[in-house]
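# What the coordinates show
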Amino acid sequence: MDDEIPYVDAHLHLHEFKEEEIERFLSSRVLLIAVAEDYNSSIRTLEIRDSHPEGIKACVGIHPWNIKDEEALRREIEAIEELIPEADCIGEVGLDLKFTADTYPLQEKAFQAFLEFSRRYEKPLNIHSAGAWRETLQLLRAWSVKRAIFHWYTGPLDLLREIISSGLLVSINASLKVQRKARQVVLATPLQSMLTESDGPYNYRGLNLNPLLIPELVAEIAGLKNVTEGQLRRVIFENFKALWERKV
Ligand SMILES: [Zn+2]
């Protein structure tokens, strides 16, 4: 039955939640793709996944906001590479020209390294692309990446079409009800290219983002796309599974 299909939170920072919260998310039947931001949170994310392997996929990586010093970055990338074989995915990685444009050259260096790891270890990518949507897509194409999630996409709609035609996934954030731009993204994204996410824990315009908002998000998207909630849950669950079934 469609009612039994799990929800999906395709991008959240699970290491910042308490154990009892994590258990509550899992008992609410939300599958979680947990991203990391640096070496320590990568280790922690893998530990959390190992204690709940049935409901959690663990990504390891360095968030572009955490990139500052070239030598420290080189060492951290090396250390994270050792974790990749046991990880399910690589993230949160990518480029940011909106909040941290000053470190862009180093961000690009790191992203190139993670793109290479994605290919070598056959792991999907969980991507941050704020203000650098075109640059991010160009690099994904240069590396022929086929399995990647554009998390909380708010970029231009013409570029969205290119992302979709490249076979990549776009995840819609639970802030949909307070972010007008996100409605246009939902309308322009076919269900077969869509995931849902919270990016929790994060406070966006008074909304406390966490995976328990996903059922309400699914209801909103279903309304906008004129499908039943059950149909939408099924497609999103299939999109989630395909990330690990298809090869890079
Ligand atoms: Zn995030």
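In this text the structure is predicted, and so the values were computed from the model without any measurement. (Residues numbered from 1 in each chain as written. Predicted model: local features only at pLDDT ≥ 70, side-chain atom pairs only at ≥ 80, totals over all residues. Heavy atoms only, no water.)

## Describing the packing of aromatic side chains
- Going through the model one piece at a time under the given rule, you end up with 10 aromatic pairs.
- On the numbers, 6.2 Å between centres and 65 degrees between planes, the contact of F117 with Y121 is edge-to-face. With F117 and Y121 both in helix α4 (residues 104-121) and 4 residues apart, the pair spans about one turn of that helix.
- With relative accessibility at 25%, the residue Y121 sits in the partly exposed group.
- Look at F150 and Y153: their rings are 6.1 Å apart centre to centre, the planes differ by 75 degrees, and that puts the pair in the edge-to-face class.
- A residue is classified by how much of its surface remains accessible, and F150, at 0% relative accessible area, is buried.
- Members of the aromatic cluster, joined through ring pairs, are F114, F117 and Y121.
- Sitting above the plane of the W244 ring, K57 keeps its charged end 4.8 Å from the centroid.
- Sitting above the plane of the Y7 ring, R233 keeps its charged end 4.0 Å from the centroid. (Phe/Tyr/Trp six-rings, centres within 6.5 Å; stacked < 30°, edge-to-face > 60°. Helix = DSSP H or I, 4+ residues; strand = E, 2+ residues; numbered from the N terminus. Buried < 20%, exposed > 50% of the residue type's maximum accessible area, 1.4 Å probe, protein only. Lys NZ or Arg CZ within 6 Å of the ring centre and 35° of its normal.)

## Structural notes on the environment of D69
- You can see D69 is positioned in the loop between β3 (56-60) and α3 (70-81).
- In this structure D69 comes out as partly exposed when scored by relative accessible area, which is 43%.
- Each C-alpha atom of the pair D69 and L106 lies 8.1 Å from the other, and the pair is 37 residues apart in sequence.
- Polar side-chain contacts of D69 include one of 3.3 Å to the backbone nitrogen of E71. (Polar contact = N/O pair within 3.5 Å; in protein donor to acceptor, adjacent residues only side chain to side chain.)

## A look at the UniProt feature "binding site: a divalent metal cation 2" (unreviewed entry) in the protein chain
- Per the UniProt entry, the sites bearing "binding site: a divalent metal cation 2" (unreviewed entry) are H128 and H151 in this numbering. Across 24 residues, the annotated set stays spatially compact, with a maximum C-alpha separation of 6.0 Å.
- Here H128 shows up in strand β5 (residues 125-128).
- In contact with H128, not counting residues within four places along its chain, are H63, P64, W65, E92, V93, G94, L95, D96, T136 and H151.
- In this structure the side chain of H128 is engaged in a polar contact, spanning 2.8 Å, whose partner is the side chain of E92.
- The topology assignment puts H151 in strand β6 (residues 148-151).
- If sequence neighbours within four positions are ignored, H151 has contacts with H11, E92, N126, I127, H128, S171, E197 and D199. (UniProt positions renumbered as here; feature names shortened; annotations may be inferred. Contact = heavy atoms within 4.5 Å.)

## Observations regarding the side chain of E92
- Residue position: E92 is located in strand β4 (residues 89-94).
- Within the local environment of E92, its side chain forms a polar contact with the side chain of H151, the two groups lying 3.4 Å apart.
- Sequence-distant contacts of E92, defined by excluding residues within four places in its chain, comprise H11, H13, V35, A36, I62, H63, P64, N126, H128 and H151.

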